[in-house]
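Observations on the model geometry
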Amino acid sequence: MRRFVISALGAPLLLLLAACAAPPADLDAPTETEVTRNLRTAFDYLYDNYYDEDIRLENVVLPGLQNLSSLEPGLQIVDAPIPLYRFRTEVLLNGAVIHTFHKPAWYAGDGWAAVVRETIKALKKVSPEVAAASWVETTDLVLAGAASALDDESVYISRRELKALGLISDKADGTEAEEEEEEPSAAAGIRLHEAGGATRIAQVRRNSEAAQAGLRVGDIVESVNGQTTGTFSRLQMAMQFVGPPDSEVTLLTRAAGTEQTREVKLTRETVSFSAPVAVWRDRILYLQLTSVWGDTIDAVEQLLRGEHAKGDDAAVGIILDLRGTYSANAFAAARFLDIFIERGQTYFRSKGRSLLANHRFRSRETPVDTEIPLVVLVNGETAGAAENMAAVVQDLGRGIVLGSNTQGQGRLQQGVFLYNGGILAFTGTLLFAPAGYALDERGVLPMICSGLVGSGSEALTRLRDGEAHISRAIRNIDIDPAKAAAIAAQRERCPQRTSHSDADLELAQAILQDAALYTALLAADRP
């Protein structure tokens, strides 16, 4: 089970760790000891790994307890009004005190786990609704409320939800099935994102059933399998499209700017989540990345070695399409860059509270190719470590980045498998661009802003005349991240676009076919 979920959900997560080697014998009816152990694992892991060093568990657990009001609307969790007992908290049911506790230390996962257990026990004595709910249901509510109190991207996904999506299953005797190594994972070929107050398609995998069904980047998705998309976190969005091979997922969609909806049924296809799409056209190698993992790197390395073997017939240029690409694995992103960058170069860094989250990424491998001209396409949905991949290529002079300002998703998620079979995923790492600024909210400006340079021969003329080029000094200007207006002004130098315009692709191809122009653009950007 764990191996399958890691491979299926790898795209939106930096890391998933197994919390235990042996889960409880009966996940549906855990003992109080097992409940406490599960909660302590969640709270300890959260405190040790959440990116914000000012995290206090009381600011997470108390909202989690308050989430039990979905079972008992009369529930209130309040601090005692008596100054002498300023650390005492009261649990009220319809205004009457039913339980009190003293807040443990802000870092004490065991203490807060005991608080949750005793509060639920107190509620079960006086509330028929809570008494009728199992320990699994009540603690799932607490963990879901705790995760939502962290930030908009953090989420708790219960074992029940994982089973509903087909990501785990039970044996006939009721015990949880161990995942077979060869069981394939399947997806529907698209990725969603939130933009303009709606859930839209951010990426459509070429040649997938989604592409054949006419789904386009920018289309609005109102529901998935009958569930309104506005209720999904980033991770939950990704999970909707992962499941058993040949199973169906039903979308209610409409084109941007229209009110006419249509229902689209997609069959989940068995795919490699990390396999790039490769297309050759006029000796230009086009690569579209859905995600960035070890298999991605191996596939691209093999493709480039194949090009070298062609001799005079090898590709004269590479277009790396990162439009709509979200990578949460900074280590894999750095390894991918090693394919193109000479050893010894510094890439970017990450920061967090755990040892794994604090890292300075450098080129460590012998590159496969440092000579073939490279153009990287980005847009407003290039996110996470994929943004830093683009920034490294242009800041180290390995290639040209073309498109619009990227998303500015500089917070990466990581998570933990809990004893109860659920997943707690949260922001664990902050990314910093090669120039040193925090990536979050700011994003990466491309060397060539396609929205300003125009298209066709006009664009090429302007580029040859030295126009429409965003210099390194401007792209990497030092701005206080607390100054939102200054960040917004920087982003407006090349307004964010989410389309996958063919004009960008054609301009990239034209630049690669004009060796003199490509060389001049790189020379103009040198520090």
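Definitions and cut-offs
- Residues numbered from 1 in each chain as written.
- Predicted model: local features only at pLDDT ≥ 70, side-chain atom pairs only at ≥ 80, totals over all residues.
- Heavy atoms only, no water.
- Pairing = 2+ DSSP bridges.
- Helix = DSSP H or I, 4+ residues; strand = E, 2+ residues; numbered from the N terminus.
- Expected span 1.5 Å × (residues − 1).
- Buried < 20%, exposed > 50% of the residue type's maximum accessible area, 1.4 Å probe, protein only.
- Arc of directions from axis to C-beta.
- Contact = heavy atoms within 4.5 Å.
- Phe/Tyr/Trp six-rings, centres within 6.5 Å; stacked < 30°, edge-to-face > 60°.
- Lys NZ or Arg CZ within 6 Å of the ring centre and 35° of its normal.

**As for the sheet that holds strand S16 (residues 284–288)**
Strand order across the open sheet formed by six strands is S15-S16-S17-S21-S23-S26, with mixed pairing between neighbours. Sheet topology places strand S15 (277–281) and strand S26 (448–449) at the edges, where each strand pairs with a single neighbour. Sheet topology note: the strand S21 (residues 374–378)/strand S23 (residues 400–403) ladder contains four bridges and is parallel. Note on S23: the bridge partner recorded for Leu 377 is Leu 402.

**A short note on helix H10 (residues 294–309)**
End to end, H10 covers 23 Å across 16 residues, agreeing with the expected 22 Å (1.5 Å per residue, within 8%). Listing the buried residues of H10 in full gives Thr 296, Ile 297, Val 300, Glu 301, Leu 303, Leu 304 and Glu 307. For H10, the angular spread of the buried residues around the axis is 160°, confining them to a single face. Seen from the open side of H10, the exposed residues pointing more than 90 degrees away from its buried face are Gln 302 and Ala 309. The inward-facing, buried residues of H10 contact S15, S16, strand S17 (317–321) and helix H11 (330–337).

**Structural notes on the pairing of strand S19 (residues 346–351)**
The pairing of S19 with strand S20 (residues 359–362) spans four bridges and is antiparallel. Note on S20: the bridge partner recorded for Phe 348 is Phe 361. Here three bridges tie S19 to strand S25 (residues 423–432), and the two strands are oriented antiparallel to one another. By the bridge assignment for S25, Lys 351 is matched with Leu 430.

**Focus on the packing of aromatic side chains**
Per the counting criterion, the structure on display carries nine aromatic pairs. Ring geometry for Phe 336 against Phe 340: centres 5.8 Å apart, planes inclined by 50°, an arrangement best described as tilted. The exposure class of Phe 336 is buried, given its relative accessible area of 2%. Grouped by ring-pair contacts, the aromatic residues Tyr 45, Tyr 50, Tyr 51 and Phe 426 constitute a single cluster. The cationic tip of Lys 124 hangs over the ring face of Trp 135; the distance from NZ or CZ to the ring centre is 5.7 Å. We note Arg 353 situated over the ring of Tyr 47; from NZ or CZ to the ring centre the distance is 4.5 Å.

**Considering unusual backbone geometry**
Look at Asn 94: it is not a glycine, yet its phi comes out positive at around 55°. With respect to the secondary-structure elements, Asn 94 resides in the loop between strand S3 (88–93) and strand S4 (96–102). Of note, the phi angle at Asn 225 is positive, near 50°, even though the residue is not glycine.

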